[in-house]
Amino acid sequence: MSRLSPLNVFRSFTKAFGYVLLVACAFLWVSPFLWMLSMAFKTHREAARIPPTWIPEEFITDNFVQVFKTASFPLDRAFLNSCVVSAIVTLGVVLVASLAAFAYARLEFKGRDLLFGIILASLMVPGPVFLIPQYLLIWRLNLLDTYSSLILPELAGGFGVFLLRQFFMGIPRDLLDAGRIDGCSWFRIFFSIALPLSKPALVTLGMFTFLGAWNSFTWPLVVLESPRMMTLPVALSYFQGEFYSSYPLLMAGVSIATVPVLIIFTIGQKWIVEGITLSGLKG
Amino acid sequence: MAILGVPQSGARTPSLLERIKRFFGDGGPLTPYYFILPHLILFSVFFLFPLLHGLYLSFLDYDFLRGTQKFIGLGNYRALMTDRLFWLSLKNTAIFVLESTPLLVILGLALALITNQSMPGKIPIRMSFVAPLVVSTSAVSIIWRLILLPDVGVLNYILSVFGIQGQNWLNQSGWAMFAIVVMTVWWTVGFNILLFLAGLQEIPSQLYEAAKIDGANGWDIFWRITLPLLRPTLLFVCIWQMRGSFLVFGQVFMLTQGGPFNSTRVLLYHLYETAFSFFRLGSGAAMGWVLFLIIMIFSAIQMRILEPQHLD
């Protein structure tokens, strides 16, 4: 029980003030998204008005229809491309990385430490170092402007292996040995013991990978050429040129690209913080 | 793990077929390689090979458009030393790194500490700051361009309400980089918040309770408990953030194309233009390696400063 002394009143007052300030900041932080949505439902005339209207006076949904119709490249196709590529990349990374990570964490073989050391070191190498040689490789393989050009290099990354290895190393040895004594094969142990135990880490990796793939910009910009192969981020960059001053259409297009990830993020947010903690990612 | 390759029965000598089966089969000495093989192949083809090939490329005068290549040793690197635009882009990158890194680290830490306390609506508040992180550069940039527009932009309108003269933010040398920094802070601070939050979860709560019993105030607790115990996280965030800032590209590509007057031409933008607008791949590859070297040097410096006792 706190007594009603002037000091306590002052304290709770500053506390309340701080809280209100924090909520205001949080609101300010998401306000660009709210502004995007507000613009997406306005008429062109209303969008250009000064002073601006915060909530559309004339609420129209036509922008979302127009944006698909008038863009010179198919935005619905870009949406589909993004979905397909991100989904395959996510599943692929989780599968390929978890298989490798399991071996690096729990099996013994010649060259293990050296190979893992190379993978670990690879994490420090920034993307631009590969940008050009990877482009040449994709060109040589005749894969420019294909889904494969977007998917294959993503599966090669070392991050997932690193993250899942950390996690697999934490699985109690007894659990895996028990399976071994029961005569299970290593693949069986991997699929029916190790993987189910690692759900949080797999979901974390999956979310990071999905968001990374969905938002990937520089690489698709370089390897994609035809409008029907564009993923959303690249399509949006062309979109900006095309609808330079059609703000409502622009914002409708951007909303289509951003709202799905924001929803996934809201649903999966608990996995993100938990997963980072579990996997010891932060250093 | 000695169980690998244990014979099933030692009674009789196994036939050749059985021995082959045992060697190649599950549990045999090759099993671990089956696990790593898919990743190892992809890693070698799409990572290791391009890495080495890129180093080789940086020694070539490679004109992709004409298809000519000539070995010129360190020629590309030497040419960079006298490339005015390269130095300018290096300077602009340095400005971006120096402005964005401290802001992103300190703001990230502050917001993580604040949203780690118990309060009503903690999760929605926390997630408001993280949400922009999940949106692509191009989407973020388009939203911000609209906000920053000189005549119909909402920022200038709000400023005018307070009697402040608005600016043509993205088209003035003095403001464009600053606008990109602010946008980047808004966009990516969430990542640092998440990392710091994860680090905070690992500080035992008993330490805080003990400190409170001893009568320590919040300021003491922060400097004597939280910050020292958060040091590994802090090191990781600093290194990763600085690296990320060195690699700024999408925002510049979308918002200013390096302008106005090259005031936002950053290294990666210069590299992109050199390689994919002028098709000088050798020079671009060399720039990539210079950038890598710079990042490594600064990471090492940060390690020295933040982790003087144990480098593990």
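This one's a predicted model, so the numbers in the text were calculated from it and none came from an experiment. (Residues numbered from 1 in each chain as written. Chains lettered and ligands numbered in written order. Predicted model: local features only at pLDDT ≥ 70, side-chain atom pairs only at ≥ 80, totals over all residues. Heavy atoms only, no water.)

Colleague: Hey, could you run me through the layout of surface pockets in this one?
Modeller: Its boundaries defined by the atoms lining it, the second largest pocket holds a volume of some 970 Å³. Lining the second largest pocket are 25 residues, and of these L28, S31 and P32 of chain A together with W144 and L155 of chain B sit closest to its centre. Elements supplying a minimum of two residues to the lining of the second largest pocket: α1 (6-40) of chain A together with α6 (137-148), α7 (154-161) and α8 (173-201) of chain B. Among the elements that take part in the lining of the second largest pocket, α1 of chain A stands out by supplying nine residues, more than any other. When its residues are assigned to classes, the lining of the second largest pocket shows 23 nonpolar, two polar and no charged. (1 Å grid on protein atoms, 1.4 Å probe; cavity = no way out; pocket = protein on both sides within 12 Å on 5 of 7 lines; lining within 4 Å. Points joined across faces, edges and corners; volume = space filled by probe spheres on them. Helix = DSSP H or I, 4+ residues; strand = E, 2+ residues; numbered from the N terminus. Nonpolar A, V, L, I, M, F, W, Y, C, P; charged D, E, K, R; others polar.)

Colleague: Explanation requested: the interface of chain A and chain B in the structure shown.
Modeller: How big an interface is tends to be stated in terms of accessible area lost as the parts join. Opposite the 92 residues of chain A that make contact, chain B presents 97 residues. For the pair chain A and chain B, the two sides together bury roughly 8700 Å², of which 80% comes from carbon and sulfur. On inspection of chain A and its partner chain B, the count reaches zero salt bridges. Remark: the boundary between chain A and chain B carries 15 residue pairs in polar contact (both at pLDDT 80 or more). Looking at the side of chain A that touches chain B residue by residue, the class counts come to 71 nonpolar, 13 polar and eight charged. (Contact = heavy atoms within 4.5 Å. Buried area = accessible area lost by both parts, 1.4 Å probe. Salt bridge = Lys/Arg side-chain N within 4 Å of Asp/Glu carboxyl O. Polar contact = N/O pair within 3.5 Å; in protein donor to acceptor, adjacent residues only side chain to side chain.)

Colleague: Quick question: what am I supposed to make of the domain arrangement of chain A here?
Modeller: Residue and element names in this part refer to chain A. Along its sequence, chain A is organised into domain 1 (6-62) and domain 2 (65-279). The gap between the C-alpha centroids of domain 1 and domain 2 is 34 Å. Contact residues are listed per partner, giving eleven residues for domain 1 and 13 residues for domain 2. Across the domain 1/domain 2 interface, buried area totals approximately 930 Å², and carbon plus sulfur atoms make up 73% of it. Among the residues of domain 1 in contact with domain 2, M36, H44 and D62 are the three that bury the most area, contributing 52% of the side total. Between the two partners, domain 1 and domain 2, sit three residue pairs in polar contact (both at pLDDT 80 or more). For the side of domain 1 that touches domain 2, the elements supplying multiple residues, two or more each, are α1 and α2 (44-47). Across the side of domain 1 that touches domain 2, the residue classes tally to six nonpolar, three polar and two charged. (Domains from an automatic or database assignment.)

Colleague: Could you clarify how one ought to interpret a nonpolar patch on the surface in this entry?
Modeller: Where nonpolar side chains cluster on the molecular surface, the patch consists of W54 and I55 of chain A together with I158, V161, F162 and I164 of chain B and spans about 670 Å² of accessible area. Looking at where I158 of chain B falls in the secondary structure, it is placed in helix α7. When its relative accessible area of 34% is taken as the criterion, I158 of chain B is described as partly exposed. (Patch = residues over 30% accessible without salt bridge, like charges linked within 9 Å, V, L, I, M, F, W, Y side chains within 5 Å. Areas by Shrake-Rupley, 256 points an atom, 1.4 Å probe, with all protein chains shown as cover. Buried < 20%, exposed > 50% of the residue type's maximum accessible area, 1.4 Å probe, protein only.)

Colleague: What is the right way to look at the pairing of strand β1 (residues 60-63) of chain B in this model?
Modeller: The side chains of a regular strand alternate between the sheet's two faces. All names here are of chain B. In this structure, β1 lies alongside strand β2 (residues 68-71), joined through four bridges in antiparallel fashion. Residue D63 lies in a different strand from β2, and its bridge partner there is T68. Adjacent in sequence and paired antiparallel, β1 and β2 are bridged by four residues, among which G67 carries a positive phi angle near 75 degrees. (Pairing = 2+ DSSP bridges.)

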